Amino acid sequence: MNRPPAAAAPWCIRTHNGPWPLHDAAGSRAVEAAAMALLPAHALMQRAGQAVARLTLAMAPHARCIRLLAGPGNNGGDALVAARILHGAGKSVQLSLLADPARLPADAQHALAQAQAAGVAIDTAVEFGADTEFAVDGLLGLGAGRPVTGALAVAIQSLANSGAPVLAIDLPSGLNPDTGHVLGGLAVRAHATLALLTLKPGLFTASGRDHAGVVWFDDLAVDTRTAAPRAQLAGAPALPARRHAAHKGSYGDVYVVGGAAGMTGAALLAARAALAAGAGRVYLSLLDGQGLSCDSERPELMLRPQAWLLPPALLNQATVACGCGGGSAVASALPALLSQAARLLLDADALNALAGDAGLCSLLDARARRGLSTVLTPHPLEAARLLDSSSAAVQQDRLAAAQALADRHRCVVVLKGSGSVIAAPATAPLINPTGNALLASAGTGDVLAGWMAGLWSALGDGPALPGAAAQAAVWLHGHAADRAAQQSGA
C-alpha cells in the first residue's frame, strides 16, 4: 500500500498515489473477522463511526443540520456511532433508522443504545427536510446483493432529491462492491465515499466512479494483509529515462496495420500516437487501396504497403498494432501477423475478426506457446464477442470478463471503459484510476492503441513488459484526458 509516510488516515485516493490493494466482499469480510477477533467487543465499529464523524466534520464544518441514514447491517451501526459523536460535537443530528432494532447485529444494537442514551433523536423518516445541509449514507454495505426496494429505495431517492452533499459509508448503497454494478438500477450517488478497512474494486470501475465520488480510505488501524487482494488500483507509471546516447534504433520499430477504405484516419491517429509515445520508427500500412503518399502532419511516418508480407525476420523484431479502422479487410493480414510479429497489439476490427474465426483464435493461442507477446484492447462489446457473451454481461463484472479473456488466450487484456481493467494470466488484475468522459469520443481508442504500441516498443523486451506497457499507456492516456478536463473546466 502506497501511503504518504507521515500522513494519517483517512487517505484521499488519487490517480497518482497508488498502487492500492482492492479487496472484494469475501476478502473484506475476512479482514473484518480477523480484526474483530483481536479487538475488544464493539471496538471496530467505534473506530468506524469515529472515522465517519471526523470526515463529516472535515467536509461540512459549518453544516448545522446533518441527516444520517442507518440501515439494517454494520453500515447502519457505523452511522449510529457517527450520529452520537456528531451530536456530542453540537450538530443538529437527524437519524433515520430504517431497520428493526431487534434484528440489528450485536455491535449495531450496542451503538443504538449508546446513541439513545446520548439523546440522539431517532426516527424512521425517509423524506428529507429543507434544512438538511449534509447527509450520510449508512443504508447498505457489503451485504447488498439484490436490488434496493421498499423504504430503503425511497430513502435513496430522497437523498437524490434533497440536493445535500452525501458521504457514503464504505460503499454507496446499492452498488455492488466487487463489480461496480448498480443493483436494480438504483444506488446512492455520493459526493464522497469513505471506504473502511479495505478498498473495494466496485468503487473504481463500471458505474462505481460515477456513484462513489471522491474516495477516501481509513484502514481503522487494522493490518489488511490477512486476505489476498482481488485486484490492484494502478498508480502512476515510473518510466525509465531515455539515455542521451540512444538513437532511433534503440526504441524499436512499430508497424500500424489498419485504415480500410473510409477509415484511414483511425490508423493515422494510432501511428501518430506511436511516434509521440517514443517509438524509434513508425511504419503505416494502410488497407485502403487508394494509398497515401505522405502524412503532412507527421511526415516522419513511413508508408509500408502490406507490411504483413514483410520478411519474417523484420516482423520478428517489430511491435505491430493491428485493427485500427481495419474493417473486414484486416482479416487477410492477421494470419501472418499472428504467426510472425514479436509483439502484437490487436484492437477494434482485428478483435472482431478473431471473434468470428476459430482458425485465427488458434493462431492467437499458439503465440503464447511460442513465447510471443500479445495485447488485446477490447471495449465491452468487442470483449463480449470474443467471450460469446453480451456487453451487458461484460459490464456486470468487468474484472471477471477481462481475466477470462486473459486466461483463455494467455495474453494481456485491456478492457476499456470507466475504470479500464488490465488483466494478465494468473495475476491479480489492475484497475486504472485515470480518465473521464472526454474519452467517450471516436478515435480515442485508436490513440490508445498507438500509444501503447509505441511505449511497448520503446521499453523493449521482457516477460513483464506487455502488462507494464499496457498499464503505463492506459494511465497516461486517461491522465491526458484529466488534464484536458481541468484546463477546459469540464
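The preceding data block contains the structure.
About the cut-offs
Residues numbered from 1 in each chain as written. Predicted model: local features only at pLDDT ≥ 70, side-chain atom pairs only at ≥ 80, totals over all residues. Heavy atoms only, no water. Helix = DSSP H or I, 4+ residues; strand = E, 2+ residues; numbered from the N terminus. Rg over C-alpha atoms; globule rule 2.2 N^0.38 Å. Buried < 20%, exposed > 50% of the residue type's maximum accessible area, 1.4 Å probe, protein only. Areas by Shrake-Rupley, 256 points an atom, 1.4 Å probe, with all protein chains shown as cover. Core = buried A, V, L, I, M, F, W, Y, C linked by side-chain atoms within 4.5 Å. Contact = heavy atoms within 4.5 Å. Pairing = 2+ DSSP bridges. Axes fitted to C-alpha atoms, helices over the stretch in contact; angles between N-to-C directions. Parallel < 35°, antiparallel > 145°, perpendicular 65-115°, else oblique. Left-handed = near helix turned anticlockwise from the far one by under 90°. Nonpolar A, V, L, I, M, F, W, Y, C, P; charged D, E, K, R; others polar. Right-handed = clockwise from strand over helix to strand, strands pointing away. Salt bridge = Lys/Arg side-chain N within 4 Å of Asp/Glu carboxyl O. Lys, Arg positive; Asp, Glu negative; His and termini not counted. Expected span 1.5 Å × (residues − 1). Disulfide = S-S within 2.5 Å. Phe/Tyr/Trp six-rings, centres within 6.5 Å; stacked < 30°, edge-to-face > 60°.

Next up on the list: the overall build of the protein chain. Within the protein chain, the regular secondary structure consists of 16 helices and 19 strands. Taken over C-alpha atoms, the radius of gyration comes to 26 Å for the protein chain, in line with the 23 Å a tight globule of 490 residues would show. The buried share of the protein chain, reckoned over its 490 residues, is 53%. Approximately 19,700 Å² of the protein chain is accessible, and the part contributed by carbon and sulfur atoms is 54%.

With that out of the way, let us pick up the nonpolar core. Within the largest apolar cluster, 62 residues are counted, with the highest numbers of intra-cluster contacts made by L199, F204, V320, C322, L337, L346 and L354. Here this core takes 5 residues from helix 14 (residues 398–409), the largest share from any one element. Setting aside anything within four residues of it in sequence, one finds L354 in contact with L338, L346, L360, C361, L364 and L386. Within the second largest apolar cluster, 40 residues are counted, among which are M45, L104, F134 and L196.

Judged by pairing direction, the sheet is mixed, and its 8 strands sit side by side in the order 1-9-8-7-6-3-4-5 without closing on themselves. The open sheet terminates on both sides in strands that have one partner only, identified here as strand 1 (11–12) and strand 5 (122–123). One ladder, built from 5 bridges, connects strand 3 (residues 65–70) with strand 6 (residues 134–138); its direction is parallel. Looking at strand 6, one finds that A70 is bridged to G138.

Right, let's talk about the sheet that holds strand 17 (residues 412–415) for a bit. Hydrogen bonds along the backbone pair up the strands of a sheet, which may run parallel or antiparallel. Pairing is mixed across the open sheet formed by 11 strands, whose spatial order is 2-10-19-18-17-16-15-14-11-12-13. Pairing within the sheet leaves two strands with one partner each, and these edge strands are strand 2 (20–22) and strand 13 (302–303). In the packing of helix 16 (residues 465–488) onto the sheet, contacts are made with strand 16 (373–377), strand 17, strand 18 (421–423) and strand 19 (430–431), and the angle to strand 17 comes to roughly 15 degrees.

It is the contact of helix 15 (residues 444–459) with helix 16, at a shortest axis distance of 9 Å, that shows an interaxial angle of 135 degrees. When the interaxial angle is binned, helix 15 and helix 16 end up oblique. In this structure, helix 15 crosses over helix 16, and the sense of that crossing is right-handed. Across the interface between the two elements, T444, V447, L448, W451, M452, L455, W456 and L459 of helix 15 pack against L465, P466, A469, A470, A472, A473, V474, L476 and H477 of helix 16. Taken together, the residues that form the contact of helix 15 with helix 16 break down as 15 nonpolar, 2 polar and no charged.

Let us now look at the pairing of strand 14 (residues 319–322). Every second residue of strand 14 is oriented toward a common face, with T319 and A321 on one face and V320 and C322 on the other, all of them buried. In this structure, strand 14 lies alongside strand 15 (residues 343–347), joined through 4 bridges in parallel fashion. Following the sheet pairing, T319 is matched in strand 15 by R343. A crossover links strand 14 with its parallel partner strand 15, the connecting element being helix 9 (residues 334–340), and its sense is right-handed.

Moving on, we come to unusual backbone geometry. At the junction of A9 and P10, the peptide bond is cis and its omega measures out at 5 degrees in the coordinates. In the segment running from G18 into P19, the intervening peptide bond is cis, with an omega of 5 degrees. Topologically, P19 is positioned in the loop between strand 1 and strand 2. In this structure, L220 takes a positive phi of about 55 degrees despite not being glycine. Within the secondary structure layout, L220 lies in the loop between strand 9 (214–218) and strand 10 (231–233). For L220, a relative accessible area of 5% translates into the label buried. Of note, the phi angle at R410 is positive, near 55 degrees, even though the residue is not glycine.

Bringing the pattern of salt bridges into the picture now. Inspection of the entire model under this criterion finds 10 salt bridges. With its nearest N and O atoms 2.5 Å apart, the salt bridge here joins D170 to K200. Pair noted here: D170 is in the loop between strand 7 (166–169) and strand 8 (192–196) and K200 is in the loop between strand 8 and helix 6 (208–212), with a separation of 30 residues, a long-range link. This pair shows no difference in class: D170 is buried, exactly as K200 is. The residue R298 makes a salt bridge to E300 at a minimum N-O spacing of 2.6 Å. With a relative accessible area of 25%, R298 lands in the partly exposed category.

Turning our attention to the side chain of R367. Inspection of the secondary structure assignment puts R367 in helix 11 (residues 358–369). Buried charge R367 goes without a salt bridge, the closest partner of opposite sign being D365 at 9.4 Å. Excluding its chain neighbours within four sequence positions, the residues that come into contact with R367 are L337, L338, A341, A342, R343, L344, L372, S373 and T374.

It is worth spelling out helix 16 at this point. Here helix 16 is 24 residues long and its end C-alpha atoms lie 34 Å apart, about the 34 Å a rise of 1.5 Å per residue gives. Looking one or two residues past helix 16, G489 carries a phi angle of roughly 75 degrees, positive in sign.

Moving on, we come to the state of the cysteines. Enumeration over the complete set of coordinates arrives at 0 disulfides. Free of any disulfide, C294 has its nearest cysteine sulfur in C324, 20 Å distant. Judged by its relative accessible area of 38%, C294 falls in the partly exposed class.

Before going further, it helps to spend a moment on the packing of aromatic side chains. What the rule picks out here adds up to 4 aromatic pairs. Judged by centre distance (6.1 Å) and plane angle (80 degrees), the ring pair of W20 and F217 falls under edge-to-face. With a gap of 197 residues between them, W20 in strand 2 and F217 in strand 9 connect regions that are remote in the sequence. With respect to class, W20 is no different from F217; both count as buried. Measuring from centroid to centroid gives 4.7 Å for Y255 and Y283, while their planes differ by 15 degrees, and the two rings are stacked. Remark: Y283 occurs in strand 12 (residues 281–286) and Y255 occurs in strand 11 (residues 253–258); sequence separation between them is 28 residues.

Purely geometric stuff here, so don't read any function into it on its own.
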